[in-house]
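Now for the letters of each chain:
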Amino acid sequence: MIPKETLGKIDGNRKRYVEELLEFLRIPSVSTYSRHAVDVRRAAEWVFNHLKRLEFHTKLTETERHPVVYGEHCPYPDGPTLLIYGHYDVQPPEPLEEWTTPPFTPSIREGYVYARGASDDKGQFFTYLKAIEAVLAVSGKLPINVKVLVEGEEEIGSPNLGAFLKSHQDQLKANAVAVSDSSQFAQGTPAITYGLRGLSYLQLDLQGPRIDLHSGSFGGLVANPLQALCTMISALKKPDGSIAIPNFYADVLPLEQWEREEMASLSFDENQLKEYLGVEELVGEGDYSPMERKTARPTLDVNGIWGGFSGEGAKTVIPARAGAKVSMRLVPDQKPNVINALFKDYIRSLTPSGVRVQITELHGAEPVLVTRDQVSVKAAARAIETGFGKAPVFIREGGSIPIVNLFKEVLGLDSILLMGWGSPDDGAHSPNERFSLEDFHRGIRSAAALFYELAV
Ligand code: BES
Ligand code: ZN
């Protein structure tokens, strides 16, 4: 059990913790933009220095793109060890004009801090650093060994972290890994996530004629790559909304009855969600509830499309090129490489003569299911109860965290504790992303309690 003084310490330092979080949030560490590489590095160094101040053995390791920060405090040679994973990179903030205050000028309004990365994942990850600080301040040492692994490439699919895990297998040995990069079921209903969807993300580039052409002089003679693209994209789904790629569903694990019942028992307000989303109807597979559809069923979405003329007025042109970004959320036991191959075969079969298609794999993630019946999961549940004053519910999430599957495959870790402090309406990846300061505080309390719950 966590000492009362430690919780008192956390309560007493709330203001300072928030000020420090704002500092972290001011760094525009957008990993996908090469023009922000310097800022991504600054965020890595910020975390590195923070861990150093906590007297962790700390190392910053270069990768082909953004650095990995690792720190450890392991006073017990054979004691239980917790690995903590987080990411210091963020998604692009655009569209900027939709932010009430700029994305990298954090602003506090009505108990929320607004900034890109506030919830995903800087604010959530930072709770662990403050928990460590509070425990060390009160007790001088942590009750267990703690290893902290923070990367700057999660939002681009963690292309280099897998190799880091493989080359640091011994160093990263642990009994459990804690990840706070998801959310509560709803604000005030904390959750442990036991499932994540995977991802296949691809880009299509179509080439028709060599150059843009006058549509009067050449219309009727050449294939229009933009139109071909639209036809191909329409063929990815059937009229009922299901995905038309042959064999796409072959490896989908059906939901079990107990799980469907459990999901149905979580109160889910469809009208409230529609209002939040600004839509009149939810769509999708009729045989599945919205909860099931957004967490445990696969999807296909066009994320972006381009080509031809979209400026002011009219231009009579047949475009030379067109393209699209398409992603698919995957569920157990679908594999990104199998799905990529099915997608490519199908796209090639749909490509009409007169256009050429190039397909690029952008990134992927394996879906994850965590066994719930584990001692460490029970410890995590008690920690959350200490932090939030309420026992967590168990949920699956629709998002992906690419490295999580490798914790199992490379490090042999079954105890994967996905404890989200955020909220589904935090606006991750959207304008006006925010994080409740109350949840930030509860997260710190839960993280500190977890160290004690895992100590045997
Ligand atoms: N924090 C999210 C993952 C997440 C989202 C978990 C929603 C639970 C609910 C993470 O930072 C993220 O956005 N991941 C990307 C991964 C992708 C870029 C490979 C995602 O899911 O799009
Ligand atoms: Zn994210």
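Residues numbered from 1 in each chain as written. Chains lettered and ligands numbered in written order. Predicted model: local features only at pLDDT ≥ 70, side-chain atom pairs only at ≥ 80, totals over all residues. Heavy atoms only, no water.

Engineer: Where do I start with the overall build of the chain in this structure?
Structural biologist: Of the regular secondary structure elements, the chain holds 14 helices and 18 strands. A compact globule built from 456 residues would reach a C-alpha radius of gyration of about 23 Å, and the chain, at 23 Å, matches this within 12%. Overall, the C-alpha framework of the chain stretches about 80 × 50 × 45 Å when taken along its three principal axes. In the chain, which comprises 456 residues, the proportion classed as buried is 55%. Counting contacts in the chain only where the partners sit at least 6 residues apart, residues at least 24 apart contribute 80% of the total. For the chain, the computed accessible surface area is about 20300 Å², with 50% contributed by carbon and sulfur atoms. Looking at the chain, you have 47 positive and 59 negative side-chain charges, and the mean spots of the two groups are 3 Å apart. (Helix = DSSP H or I, 4+ residues; strand = E, 2+ residues; numbered from the N terminus. Rg over C-alpha atoms; globule rule 2.2 N^0.38 Å. Buried < 20%, exposed > 50% of the residue type's maximum accessible area, 1.4 Å probe, protein only. Contact = heavy atoms within 4.5 Å. Areas by Shrake-Rupley, 256 points an atom, 1.4 Å probe, with all protein chains shown as cover. Lys, Arg positive; Asp, Glu negative; His and termini not counted. Charge placed at Lys NZ, Arg CZ, Asp CG, Glu CD.)

Engineer: Would you mind going over the coordination of the zinc ion (ligand 2) with me for this structure?
Structural biologist: Octahedral metal centres with six donors ideally show angles of 90 or 180 degrees, and tetrahedral centres with four donors ideally show 109.5 degrees. At the metal site, the zinc ion (ligand 2) is ligated by Asp120 (OD), Glu155 (OE), Glu155 (OE) and His429 (NE2), and these contacts range over 2.0 to 2.7 Å. Relative accessible area serves as the criterion here: at 41%, His429 is assigned to the partly exposed category. (Donors = N, O, S within 2.8 Å, 3.2 Å for Na, K, Ca; no water.)

Engineer: Is there a simple way to think about the nonpolar core in this case?
Structural biologist: The nonpolar side chains of a soluble globular protein tend to be buried with one another. Within the largest apolar cluster, 64 residues are counted, with the highest numbers of intra-cluster contacts made by Ile132 and Phe451. The leading source of residues in this core is helix α14 (residues 437-454), at 10 residues. When near neighbours in sequence (up to four residues on either side) are disregarded, Ile132 contacts Leu54, Phe56, Ile84, Leu142, Val146, Val148 and Phe451. Counting residues in each nonpolar core, the second largest holds 28 residues, with Phe164, Val179, Leu411 and Leu413 among its members. (Core = buried A, V, L, I, M, F, W, Y, C linked by side-chain atoms within 4.5 Å.)

Engineer: Is there a simple way to explain the pairing of strand β8 (residues 191-196) in this structure?
Structural biologist: Walk down a regular strand and you will see the side chains alternate between the two sheet faces. The buried count for β8 comes to six of six residues, which makes it a mostly enclosed element. Here five bridges tie β8 to strand β16 (residues 393-397), and the two strands are oriented parallel to one another. Among the inter-strand pairings, Ala191 is bridged to a residue of β16, identified as Val393. Of the strand pairs in this sheet, β8 and strand β17 (residues 416-420) are connected by three bridges, and their pairing is antiparallel. Bridge pairing in β17 links Thr193 to Leu418. As judged from the two bridges shared by β8 and strand β15 (residues 368-369), these two strands associate in the antiparallel manner. (Pairing = 2+ DSSP bridges.)

Engineer: For this particular structure, what's the right way to read the site of ligand 1?
Structural biologist: Neighbouring ligand 1 are 16 residues, the closest being Asp120, Glu154, Asp181, Arg329 and Ser400. Between ligand 1 and His87, the relevant distance is 3.1 Å, taken from an oxygen atom to a side-chain nitrogen or oxygen of the residue. The separation between a nitrogen atom of ligand 1 and a polar main-chain atom of Ser400 is 2.8 Å. Relative to its unbound accessible surface of 520 Å², ligand 1 loses 87% to contact with the protein. The residue inventory of the shell around ligand 1, partitioned by class, reads three nonpolar, seven polar and six charged. (Near = heavy atom within 4 Å. Polar contact = N/O pair within 3.5 Å; in protein donor to acceptor, adjacent residues only side chain to side chain. Nonpolar A, V, L, I, M, F, W, Y, C, P; charged D, E, K, R; others polar.)

Engineer: Help me out: how do you make sense of unusual backbone geometry in this one?
Structural biologist: The bulk of non-glycine residues show a negative phi, and the bulk of peptide bonds are trans. In this structure, the amide linkage connecting Glu94 to the following residue, Pro95, adopts the cis form with an omega of 0 degrees. Looking at where Pro95 falls in the secondary structure, it is placed in the loop between β3 (81-87) and β4 (107-109). In this model, Pro332 is joined to Asp333 through a cis peptide bond whose omega is -5 degrees. A positive phi angle, near 50 degrees, is found at Ser158, a position not held by glycine. Position of Ser158 among the secondary structure elements: in the loop between β6 (145-151) and α5 (161-167). In this structure, Asn247 takes a positive phi of about 70 degrees despite not being glycine.

Engineer: What is the right way to read the environment of Ala455 from this model?
Structural biologist: Tracing the backbone shows Ala455 in the segment after α14. Residue Ala455 is classed as partly exposed on the basis of its relative accessible area of 27%. In the structure, Ala455 is positioned 428 residues away from Ile27 in sequence and 35 Å away in space, judged by C-alpha atoms. Contacts of Ala455, omitting those with residues within four sequence positions, involve Pro80, Pro143 and Ile144.

Engineer: I keep staring at a nonpolar patch on the surface and nothing clicks. Help me out?
Structural biologist: Nonpolar side chains collect at one region of the surface, where Phe218, Leu221 and Val222 lie side by side and expose about 280 Å² of accessible area between them. Along the chain, Val222 falls in the loop between α6 (215-218) and α7 (225-234). Taking the relative accessible area as the measure of exposure, Val222 reaches 33% and is therefore partly exposed. (Patch = residues over 30% accessible without salt bridge, like charges linked within 9 Å, V, L, I, M, F, W, Y side chains within 5 Å. Salt bridge = Lys/Arg side-chain N within 4 Å of Asp/Glu carboxyl O.)

Engineer: When you look at the packing of aromatic side chains in this model, what are you seeing that I'm missing?
Structural biologist: Two measures describe an aromatic ring pair: the distance that separates the ring centres and the angle between the ring planes. For the structure on display, the rule yields 10 aromatic pairs. With centroids separated by 5.5 Å and ring planes inclined at 50 degrees, the aromatic side chains of Trp46 and Phe126 adopt a geometry described as tilted. Note that Trp46 is positioned in helix α3 (residues 37-53) and Phe126 in helix α4 (residues 122-139), a separation of 80 residues in sequence. Look at Phe126 and you get buried, because its relative accessible area is 0%. (Phe/Tyr/Trp six-rings, centres within 6.5 Å; stacked < 30°, edge-to-face > 60°.)

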